[in-house]
Amino acid sequence: MERTLSIIKPDAVAKGVIGKILDRFESNGLKIAATRKMQLSRADAEAFYAVHSERPFFGDLVDFMISGPVVVSVLEGENALIKNRQLMGATNPKEAEAGTIRADFAENIDANAVHGSDSAENAAVEIAFFFSEREIS
Ligand code: ADP
Ligand code: MG
């Protein structure tokens, strides 16, 4: 069993597709081990995306991630990390495969509906950023 962190980003929350996205996970063998809707502070978003702090899009990414509430979840299952990345689709929704979350719900590379951890190491750090062990089951 593996765990990964998912974020439903402000664009998808504003569109009212939280349930539809969580259903993609549950329908594809990923258990929702923890979940919370919350408003990120600027400090939260800057710390969460610290690995991207030198990228030219960092400022826009932080502004976008605090533009409205998000839903953070821990997904659990066999190969949860890669499975979630497959369900998400490519970072740029224009390149995302048909039937993926980003192809179906995202507008553009800035407002791309979901985040998913990209490595086991980052998943552990990202899960601990949002949840204590007693909130995960
Ligand atoms: P992913 O979310 O697919 O793991 P990255 O980790 O590379 O993608 O980037 C983090 C987020 O930063 C992306 O989801 C996207 O919202 C934003 N981003 C990435 N690349 C660009 C870009 N070239 N222009 C604008 N925003 C970008
Ligand atoms: Mg990433």
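Nothing here was measured: the structure is a model prediction, and the numbers come from that model. (Residues numbered from 1 in each chain as written. Chains lettered and ligands numbered in written order. Predicted model: local features only at pLDDT ≥ 70, side-chain atom pairs only at ≥ 80, totals over all residues. Heavy atoms only, no water.)

### Here we look at the site of ligand 1
Every residue close to ligand 1 is listed here: Lys-9, His-52, Phe-57, Leu-61, Arg-85, Thr-91, Arg-102, Ile-109, Asp-110 and Asn-112. Interatomic distance of 3.0 Å between a side-chain N/O atom of Lys-9 and an oxygen atom of ligand 1. At 2.9 Å from an oxygen atom of ligand 1 is found a side-chain nitrogen or oxygen belonging to Asn-112. Calculation on ligand 1 without its partners gives an accessible area of 530 Å², and the protein chains cover 79% of this total. Of the residues contributing to the shell around ligand 1, the split by class is three nonpolar, three polar and four charged. (Near = heavy atom within 4 Å. Polar contact = N/O pair within 3.5 Å; in protein donor to acceptor, adjacent residues only side chain to side chain. Areas by Shrake-Rupley, 256 points an atom, 1.4 Å probe, with all protein chains shown as cover. Nonpolar A, V, L, I, M, F, W, Y, C, P; charged D, E, K, R; others polar.)

### Quick notes on the packing of aromatic side chains
Tallied over the full model, the rule gives four aromatic pairs. Between the aromatic rings of Phe-129 and Phe-130, the centroid separation amounts to 4.9 Å while the plane-to-plane angle is 80 degrees, which identifies the pairing as edge-to-face. Taken together through their ring pairs, the aromatic side chains of Phe-48, Tyr-49, Phe-129 and Phe-130 make up a single cluster. (Phe/Tyr/Trp six-rings, centres within 6.5 Å; stacked < 30°, edge-to-face > 60°.)

### Here's the deal with the nonpolar core
Judged by nonpolar contacts, the single largest core of 22 residues is most densely connected at Ile-7, Met-65, Phe-130 and Phe-131. By residue number, the principal contributor to this core is helix H4 (residues 58-65), which donates five residues. Apart from the residues within four sequence positions on either side, Met-65 is in contact with Ile-7, Lys-9, Pro-10, Leu-40, Ala-45, Tyr-49 and Val-70. Counting 18 residues, the second-largest nonpolar core is a separate cluster that includes Phe-25, Leu-75, Met-88 and Phe-105. (Core = buried A, V, L, I, M, F, W, Y, C linked by side-chain atoms within 4.5 Å. Buried < 20%, exposed > 50% of the residue type's maximum accessible area, 1.4 Å probe, protein only. Helix = DSSP H or I, 4+ residues; strand = E, 2+ residues; numbered from the N terminus. Contact = heavy atoms within 4.5 Å.)

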